[in-house]
Amino acid sequence: MALIPTEEHDALRDVMHAFLGKHSTEAAVRAELDSELGYDESAWRTAAEQIGLPALAIPEEFGGAGYGFDELAIVMEETGRSLYTGPVLSTIVLATSALLGAQDRAACERYLPAIAAGELIATVAVNENATHWDPADITVTARPSGNGWVLDGIKPFVLDGARAGLLVVAARTSAGVSLFCVEVTAEGPLIEAREVLDLSRRFAAVTFDATPGTLLGEDGGGWPVLADVFDRAIVALACEQVGGAAAVLDATVDYLKVRHQFGRPIGSFQALKHRCADMLVELESARSAAAYAATAVATSAADTSTAASIAKTYCSKAFYHVAAESIQMHGGIGFTWEHPAHLYFKRAKSSEVLFGSPSWHRERLAHLIGLVS
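What you are looking at is a predicted structure, and each value in this text was computed from that prediction instead of being measured.

Cut-off values and rules
Residues numbered from 1 in each chain as written. Predicted model: local features only at pLDDT ≥ 70, side-chain atom pairs only at ≥ 80, totals over all residues. Heavy atoms only, no water. Patch = residues over 30% accessible without salt bridge, like charges linked within 9 Å, V, L, I, M, F, W, Y side chains within 5 Å. Areas by Shrake-Rupley, 256 points an atom, 1.4 Å probe, with all protein chains shown as cover. Salt bridge = Lys/Arg side-chain N within 4 Å of Asp/Glu carboxyl O. Helix = DSSP H or I, 4+ residues; strand = E, 2+ residues; numbered from the N terminus. Buried < 20%, exposed > 50% of the residue type's maximum accessible area, 1.4 Å probe, protein only. Axes fitted to C-alpha atoms, helices over the stretch in contact; angles between N-to-C directions. Parallel < 35°, antiparallel > 145°, perpendicular 65-115°, else oblique. Left-handed = near helix turned anticlockwise from the far one by under 90°. Contact = heavy atoms within 4.5 Å. Nonpolar A, V, L, I, M, F, W, Y, C, P; charged D, E, K, R; others polar. Phe/Tyr/Trp six-rings, centres within 6.5 Å; stacked < 30°, edge-to-face > 60°. Expected span 1.5 Å × (residues − 1).

A grouping of Leu368, Ile369, Leu371 and Val372 is seen on the molecular surface, where their side chains present a nonpolar patch of about 390 Å² in accessible area. Mapping Leu368 onto the fold places it in helix H11 (residues 358-368). The exposure class of Leu368 is partly exposed, given its relative accessible area of 40%.

In structure tokens form, the structure reads like this:
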């Protein structure tokens, strides 16, 4: 989602659109929501083998394609448009960014080729009580044991925790917040899937009880890495929200063209035209905010954190409002389980609070621009 897309970006969008049009149809999404795993493993392998999706943002030296955040933003927008349930946000955005950001070559050589090949699902485990990431919220501890480290504590909300074979865990040591790679084995950690409103995005509670882990990067150097990953994550989520809002608006307009009352399409009624116009203005404003934030991340701009929070705030509001309006404008059918409008509404609500609510990000913005100390 670059400010000025190239022919290569357009080609990537077409490839993603074709892949998702085949593997992330409404029927496929509904089947995955009813499954225990929550996503189609064969589709994920296909994405890895045929279009190199998990390898997109991984450097070539670690088996990846070597693309940047502009390309990743396009992928996120298209997956949001189709409600794709694969572990894109957790593995491609969060875990990959954390591994690369820690600049631990041994860890990158061990895990990134497997992620790029679609053989390893990975995620990060950071927040414990707050919806956003905060160093004060991290109480899981890590202590030396023999030649390594062991972790103790609970991460109650880990994105794709029950799917992952690798967890990048934020834990507190005597030196401060540090990162650890914890491989999921039969011996631990204990992972329990949580009940969630939005079944297209799964969470799990992860309990560490003297669970072995490998230090990632420097002891005490975890928070600067996480702060950068956080900005990348909320911008990626904002791009996904834009895609979801665009899909909802398109579906709503199509419905208004075919639903008739009083002998004419209801889309011809002025009140509904005005509401659709308002939805379009919100969508395009959200798209602009997300595009600027994605460019800021891609270029490591000085105002990346500010742009990221602006995008998260506005895109959350836009997606939620468009999804809510869509249900209303579909009438009775929009409230039924058989219609996809409620699937997008649930995704809009879960995305609104993921990585911090809009109100939290507005407060963060106030601190970033110096309105409050």
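Following the structure, the description resumes.
The next thing to look at is the packing of helix H5 (residues 88-101) against helix H7 (residues 222-258). One can describe the packing of H5 onto H7 by two numbers: an axis separation of 9 Å at closest approach and a directional angle of 155 degrees. When the axes of H5 and H7 are compared, the pair comes out roughly antiparallel. Once H5 is placed against H7, the crossing between them reads as right-handed. For the pair formed by H5 and H7, the contact residues are Leu89, Val93, Leu94, Ser97, Ala98 and Gly101 on the first element and Val225, Val229, Arg232, Ala233, Ala236 and Leu237 on the second. Each residue belonging to the contact of H5 with H7 can be placed in one class, and the counts come to nine nonpolar, two polar and one charged.

Another aspect to go through is the packing of aromatic side chains. If you walk through the whole model with that rule in mind, you get seven aromatic pairs. Ring centres 6.0 Å apart and planes at 90 degrees place the aromatic pair Trp133 and Phe355 in the edge-to-face group. Here Phe355 lies in the loop between helix H10 (341-353) and H11 and Trp133 lies in the loop between strand E1 (122-125) and strand E2 (141-145), a separation of 222 residues in the sequence. Exposure remark for Trp133: the relative accessible area of 5% places this residue in the buried category.

Counted at 1.5 Å a residue, the expected span for helix H9 (residues 304-330) with its 27 residues is 39 Å, and the 38 Å between its end C-alpha atoms agrees. Within H9, 19 of the 27 residues are buried, which leaves the element mostly enclosed by the surrounding structure. Downstream of H9 by a residue or two, Gly331 has a phi angle that is positive, lying close to 70 degrees.

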